[in-house]
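# Structural characterization, general
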Amino acid sequence: MEIKTRTLAPTQDGINDAAEILRSGGLVGFPTETVYGLGGDARNDHAVARIFAAKGRPHFNPLIVHVPDLATAQTYAVFNDQALALAAQFWPGPLTMVLPLRHDAGLSPLVTAGLDSVAIRVPAHPLARALLRAFGGPLAAPSANPSGRISPTRADHVLAGLSGRIEAVLNAGACDVGVESTIIGLLDTPALLRPGGVPVEALEAALAMPLASGGSAEKPNAPGQLASHYAPAAGVRLNVTTPRTGEVWVGFGPDCAGAALSLSPTGDLVAAAAALFHTLRLADEMAQSAGIAFAPIPETGLGRAINDRLRRAAAPRP
Ligand code: TXA
Ligand code: MG
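These figures come from a predicted structure and were not determined experimentally.

Take helix α2 (residues 45-55) next. For α2, the set of buried residues is A47, V48, I51, F52, A54 and K55. Along the long axis of α2, the arc covered by the buried residues comes to 165 degrees, so they all point the same way. For α2, exposure combined with an orientation more than 90 degrees from the buried face picks out H46 and A53. Close packing links the buried residues of α2 with β3 (36-41), β7 (139-140) and α6 (155-162).

Here is the structure:
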């Protein structure tokens, strides 16, 4: 059934309305520093089931639980010393930790897809924090896009994908980081489950050890890490220095004269991450049958997260 999706202003009234919708089991798109999330009460089976339905997301793919602070996080997950150290350094911020689920957590089992671990994050965006305070509970929130499509970094991206399926979206403009949180598994040896907004180098420095690489498309540790994701309608080619006739060439750095679009003309990876998903949408609108071609991006810092997303955008579709 189609519902009327309201756009809420980033004001105390808008936040209060959003919190009220969440308390009654409804769904609200809201900004985080990474991408917009699709929030629902993580304790409410019905609300969580509606998140999966709105996104068309497979039920084996668990959700991240968003909380306002470490103390609240500790009521849902068990923190070892490494987890405490990372929380102290990177929260609030774009880091998600997969930790043992507390048996008394009280989360809907749908959130964790029945696993005995939980992915938990303390977002930094002021509106996300205000919403968590006003709501007063844990928010299950995947990225607010139909499953397998491009993640949203603006409220109109959320509406383009989910209008009619969610109660509201809180509009606070563009997200700063632009790629999703880094996910680190801390169930045994620390493992990188998804590169994201906190560079791997920073995590390895904080832990004083290299991260194991967790998961793959065949045997995903973060079950959402399936090969094809972030898929635009047009085909995508990577590491392109000479585009084909008709291709929308997306540049990076100063050596891409003639590119129709650029992730960052100066070659700044932070700016490129912030621009990534919006640029992918623009390129998709411009692309004819010849498709989209991305210039090479270095595999360092946020470049890892950018390349991860681009490889999935370019992967063969199921
Ligand atoms: O930046 C972000 O993380 C955004 C914003 C909204 O916070 N959220 C986000 O959620 O990217 P989503 O659902 O698009 O990605 C969550 C990822 C999935 O790949 C999922 O498989 C993984 O987290 N995940 C969740 N719980 C897990 C668990 N217990 N073990 C391993 N992976 C888990
Ligand atoms: Mg997602």
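Having seen the model, we can carry on.
This part covers the domain arrangement of the protein. For the protein, the domain assignment lists domain 1 (6-213) and domain 2 (236-314). Here the C-alpha centroids of domain 1 and domain 2 sit 27 Å apart. Contacts between domain 1 and domain 2 engage 20 residues on the former and 14 residues on the latter. Counting each side, the surface lost to burial between domain 1 and domain 2 is near 1500 Å², with a carbon and sulfur contribution of 58%. Area buried by domain 1 at its contact with domain 2 is led by I150, V179 and P195, which between them contribute 36% of it. For the interface between domain 1 and domain 2, the tally reads one salt bridge.

With that settled, the discussion passes to the nonpolar core. Core analysis: the largest hydrophobic core is formed by 45 residues, its most contacted members being F79, L86, W91, L95, M97 and I120. Only β3, α2, α4 (81-90), β5 (95-100), β6 (117-121), α6 and α7 (200-207) provide two or more residues apiece to this core. One finds V250, L261, L269 and A272 within the second-largest nonpolar core, a separate group that totals 28 residues.

Our next topic: the pattern of salt bridges. This structure, assessed with the given rule, holds eleven salt bridges. Between R309 and E180 there is a salt bridge; the shortest N-O distance is 2.9 Å. One end of the pair, R309, is in helix α9 (residues 303-314); the other, E180, is in the loop between β8 (168-170) and β9 (182-185), and 129 residues separate them in sequence. Overall, R309 belongs to the buried group, its relative accessible area being 1%. Taking relative accessible area as the criterion, E180 reaches 4% and is therefore assigned buried. Among the ionic contacts, a cluster of salt bridges with common partners joins E180, D308, R309 and R312.

Reading the values: rules and limits
- Residues numbered from 1 in each chain as written.
- Chains lettered and ligands numbered in written order.
- Predicted model: local features only at pLDDT ≥ 70, side-chain atom pairs only at ≥ 80, totals over all residues.
- Heavy atoms only, no water.
- Buried < 20%, exposed > 50% of the residue type's maximum accessible area, 1.4 Å probe, protein only.
- Helix = DSSP H or I, 4+ residues; strand = E, 2+ residues; numbered from the N terminus.
- Arc of directions from axis to C-beta.
- Contact = heavy atoms within 4.5 Å.
- Domains from an automatic or database assignment.
- Buried area = accessible area lost by both parts, 1.4 Å probe.
- Salt bridge = Lys/Arg side-chain N within 4 Å of Asp/Glu carboxyl O.
- Core = buried A, V, L, I, M, F, W, Y, C linked by side-chain atoms within 4.5 Å.

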